[in-house]
Amino acid sequence: MAQADTDGVTDKRPLSPHLTVYKPMLTMMMSIAHRVSGVALYLGAFLLALYLLGLAFGPAAFGAVSWIANGFIGHVIVLGFSWALFHHLLGGVRHALWDRGLYMDPKGRELLAQATLGGGIVLTLLTWILSTLAN
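Residues numbered from 1 in each chain as written. Predicted model: local features only at pLDDT ≥ 70, side-chain atom pairs only at ≥ 80, totals over all residues. Heavy atoms only, no water.

1. Some details on the overall build of the protein
Within the protein, the secondary structure is distributed over five helices and zero strands. Element order for the protein, N to C, with α for helix and β for strand: α-α-α-α-α. Accessible area for the protein stands at about 10,300 Å²; split by element, carbon and sulfur atoms hold 73% of it. (Helix = DSSP H or I, 4+ residues; strand = E, 2+ residues; numbered from the N terminus. Areas by Shrake-Rupley, 256 points an atom, 1.4 Å probe, with all protein chains shown as cover.)

Spelled out as C-alpha coordinates, the structure:
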(Lines give C-alpha, C1' and ligand atoms only; values in the text may rest on other atoms or scores of the structure.)
Protein backbone atom coordinates (compact mmCIF):
# COMPACT_ATOMS: atom_id res chain seq x y z
CA MET A 1 0.00 0.00 0.00
CA ALA A 2 1.29 3.50 -0.81
CA GLN A 3 2.35 5.74 2.04
CA ALA A 4 1.04 9.26 2.33
CA ASP A 5 3.59 12.03 1.89
CA THR A 6 3.80 13.42 5.40
CA ASP A 7 7.01 15.42 5.15
CA GLY A 8 6.21 17.45 2.00
CA VAL A 9 8.98 15.92 -0.18
CA THR A 10 6.62 15.59 -3.14
CA ASP A 11 5.82 19.29 -3.05
CA LYS A 12 9.54 20.20 -3.25
CA ARG A 13 10.35 18.13 -6.33
CA PRO A 14 10.84 20.15 -9.54
CA LEU A 15 8.30 19.71 -12.29
CA SER A 16 9.36 18.67 -15.77
CA PRO A 17 9.40 21.59 -18.20
CA HIS A 18 6.34 21.76 -20.39
CA LEU A 19 5.99 23.17 -23.90
CA THR A 20 4.62 26.37 -22.41
CA VAL A 21 7.98 26.89 -20.65
CA TYR A 22 10.09 26.71 -23.81
CA LYS A 23 10.44 29.69 -26.10
CA PRO A 24 10.09 28.55 -29.75
CA MET A 25 13.44 28.73 -31.54
CA LEU A 26 14.34 28.18 -35.16
CA THR A 27 16.32 25.03 -34.39
CA MET A 28 13.29 23.57 -32.59
CA MET A 29 11.00 24.43 -35.49
CA MET A 30 13.44 22.89 -37.99
CA SER A 31 13.56 19.72 -35.92
CA ILE A 32 9.76 19.51 -35.99
CA ALA A 33 9.73 20.29 -39.72
CA HIS A 34 12.30 17.51 -40.27
CA ARG A 35 9.90 15.01 -38.71
CA VAL A 36 6.93 16.40 -40.66
CA SER A 37 8.89 16.21 -43.93
CA GLY A 38 9.76 12.58 -43.15
CA VAL A 39 6.06 11.75 -42.83
CA ALA A 40 5.36 13.70 -46.04
CA LEU A 41 7.98 11.63 -47.86
CA TYR A 42 6.20 8.43 -46.82
CA LEU A 43 2.89 9.78 -48.10
CA GLY A 44 4.51 11.00 -51.31
CA ALA A 45 6.14 7.61 -51.89
CA PHE A 46 2.73 5.98 -51.43
CA LEU A 47 1.18 8.35 -54.00
CA LEU A 48 4.07 7.67 -56.39
CA ALA A 49 3.41 3.93 -56.00
CA LEU A 50 -0.27 4.52 -56.83
CA TYR A 51 0.77 6.49 -59.91
CA LEU A 52 3.05 3.67 -61.06
CA LEU A 53 0.31 1.11 -60.40
CA GLY A 54 -1.99 3.17 -62.60
CA LEU A 55 0.68 2.99 -65.30
CA ALA A 56 0.95 -0.78 -64.87
CA PHE A 57 -2.82 -1.41 -65.02
CA GLY A 58 -3.25 0.09 -68.45
CA PRO A 59 -4.48 3.18 -70.26
CA ALA A 60 -7.78 3.59 -68.38
CA ALA A 61 -6.19 3.49 -64.93
CA PHE A 62 -3.26 5.62 -66.07
CA GLY A 63 -5.67 8.17 -67.50
CA ALA A 64 -7.34 8.51 -64.11
CA VAL A 65 -4.12 8.99 -62.15
CA SER A 66 -2.63 11.24 -64.83
CA TRP A 67 -5.68 13.47 -64.70
CA ILE A 68 -5.22 13.89 -60.95
CA ALA A 69 -1.43 14.27 -61.14
CA ASN A 70 -1.57 16.86 -63.93
CA GLY A 71 -4.24 18.97 -62.20
CA PHE A 72 -3.80 21.75 -59.68
CA ILE A 73 -4.03 19.40 -56.68
CA GLY A 74 -1.42 17.10 -58.19
CA HIS A 75 0.96 20.00 -58.74
CA VAL A 76 0.50 21.16 -55.14
CA ILE A 77 1.22 17.61 -53.89
CA VAL A 78 4.34 17.31 -56.04
CA LEU A 79 5.49 20.77 -54.95
CA GLY A 80 5.07 19.78 -51.30
CA PHE A 81 6.80 16.46 -51.92
CA SER A 82 9.77 18.14 -53.59
CA TRP A 83 10.09 20.62 -50.71
CA ALA A 84 9.88 17.75 -48.19
CA LEU A 85 12.57 15.87 -50.10
CA PHE A 86 15.02 18.77 -50.10
CA HIS A 87 14.22 19.87 -46.56
CA HIS A 88 14.65 16.35 -45.20
CA LEU A 89 17.89 15.92 -47.15
CA LEU A 90 19.34 19.14 -45.75
CA GLY A 91 18.10 18.27 -42.27
CA GLY A 92 19.97 14.97 -42.56
CA VAL A 93 23.13 16.82 -43.58
CA ARG A 94 22.66 19.12 -40.58
CA HIS A 95 22.39 16.13 -38.25
CA ALA A 96 25.41 14.47 -39.89
CA LEU A 97 27.45 17.59 -39.20
CA TRP A 98 26.29 17.56 -35.60
CA ASP A 99 27.21 13.87 -35.32
CA ARG A 100 30.78 14.87 -36.19
CA GLY A 101 30.69 17.57 -33.50
CA LEU A 102 30.62 20.45 -35.97
CA TYR A 103 28.53 23.63 -35.58
CA MET A 104 27.40 22.71 -32.07
CA ASP A 105 27.80 26.25 -30.72
CA PRO A 106 24.70 28.50 -30.63
CA LYS A 107 25.74 30.50 -33.73
CA GLY A 108 26.52 27.32 -35.67
CA ARG A 109 23.20 25.72 -34.76
CA GLU A 110 21.33 28.83 -35.85
CA LEU A 111 23.33 29.02 -39.10
CA LEU A 112 22.53 25.41 -39.97
CA ALA A 113 18.85 25.89 -39.13
CA GLN A 114 18.68 28.93 -41.41
CA ALA A 115 20.56 27.07 -44.15
CA THR A 116 18.15 24.14 -43.89
CA LEU A 117 15.12 26.40 -44.15
CA GLY A 118 16.44 28.60 -46.93
CA GLY A 119 18.17 25.78 -48.81
CA GLY A 120 15.03 23.65 -48.94
CA ILE A 121 13.02 26.54 -50.36
CA VAL A 122 15.73 27.59 -52.84
CA LEU A 123 16.33 24.04 -54.11
CA THR A 124 12.59 23.48 -54.53
CA LEU A 125 12.18 26.71 -56.48
CA LEU A 126 15.22 25.95 -58.64
CA THR A 127 13.89 22.49 -59.43
CA TRP A 128 10.49 23.84 -60.44
CA ILE A 129 11.95 26.70 -62.46
CA LEU A 130 14.34 24.37 -64.32
CA SER A 131 11.58 21.82 -64.96
CA THR A 132 9.35 24.59 -66.34
CA LEU A 133 12.12 25.83 -68.61
CA ALA A 134 12.80 22.28 -69.84
CA ASN A 135 9.18 21.92 -71.01
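2. Points about the packing of helix 2 (residues 26-56) against helix 5 (residues 106-134)
Where helix 2 contacts helix 5, the axes come no closer than 9 Å and their chain directions differ by 45°. Considered as vectors, helix 2 and helix 5 are oriented oblique to each other. The element helix 2 and its partner helix 5 pack so that their crossing is left-handed. For the pair helix 2 and helix 5, contact is made by Leu-26, Thr-27 and Met-30 and by Arg-109, Glu-110, Ala-113, Gln-114, Thr-116 and Leu-117, respectively. (Axes fitted to C-alpha atoms, helices over the stretch in contact; angles between N-to-C directions. Parallel < 35°, antiparallel > 145°, perpendicular 65-115°, else oblique. Left-handed = near helix turned anticlockwise from the far one by under 90°. Contact = heavy atoms within 4.5 Å.)

3. Observations concerning a nonpolar patch on the surface
Judged by side-chain polarity, Phe-46, Leu-47, Leu-50, Leu-53, Phe-57, Phe-72, Ile-73, Val-76 and Ile-77 come together as a nonpolar surface patch covering roughly 940 Å² of accessible area. For the nonpolar patch, the secondary structure elements donating two or more residues are helix 2 and helix 4 (72-99). Overall, Val-76 belongs to the partly exposed group, its relative accessible area being 41%. (Patch = residues over 30% accessible without salt bridge, like charges linked within 9 Å, V, L, I, M, F, W, Y side chains within 5 Å. Salt bridge = Lys/Arg side-chain N within 4 Å of Asp/Glu carboxyl O. Buried < 20%, exposed > 50% of the residue type's maximum accessible area, 1.4 Å probe, protein only.)

4. Let's talk about helix 5
End to end, helix 5 covers 41 Å across 29 residues, agreeing with the expected 42 Å (1.5 Å per residue, within 8%). Every buried residue of helix 5 is accounted for by Gly-108, Leu-112, Ala-113, Thr-116, Gly-119, Gly-120 and Thr-124. Buried positions along helix 5 lie against helix 2 and helix 4. (Expected span 1.5 Å × (residues − 1).)

5. Describing unusual backbone geometry
In this structure, Tyr-103 takes a positive phi of about 55° despite not being glycine. With respect to the element layout, Tyr-103 can be found in the loop between helix 4 and helix 5.

6. What about the packing of helix 2 against helix 3 (residues 59-69)?
Close contact between helix 2 and helix 3 brings their axes to 7 Å; oriented N to C, the two are set at 145°. The crossing of helix 2 and helix 3 is left-handed. Taking contact as the criterion, the partners of Leu-50, Tyr-51, Gly-54 and Leu-55 in helix 2 are, on helix 3, Ala-61, Phe-62, Val-65, Ser-66 and Ala-69. Along the lines of polarity and charge, the residues of the contact of helix 2 with helix 3 split into seven nonpolar, two polar and no charged. (Nonpolar A, V, L, I, M, F, W, Y, C, P; charged D, E, K, R; others polar.)

7. Description of the environment of Leu-117
With respect to the secondary-structure elements, Leu-117 resides in helix 5. For Leu-117, a relative accessible area of 32% puts it in the partly exposed group. Leave out the neighbours within four places in its chain, and Leu-117 touches Leu-26 and Met-30.

8. Things to note about the side chain of Ser-37
Tracing the sequence through the fold places Ser-37 in helix 2. Among the residues examined, Ser-37 registers a relative accessible area of 0% and is labelled buried. Those residues in contact with Ser-37, other than ones at most four positions away along the chain, are Trp-83, Ala-84, His-87 and His-88.

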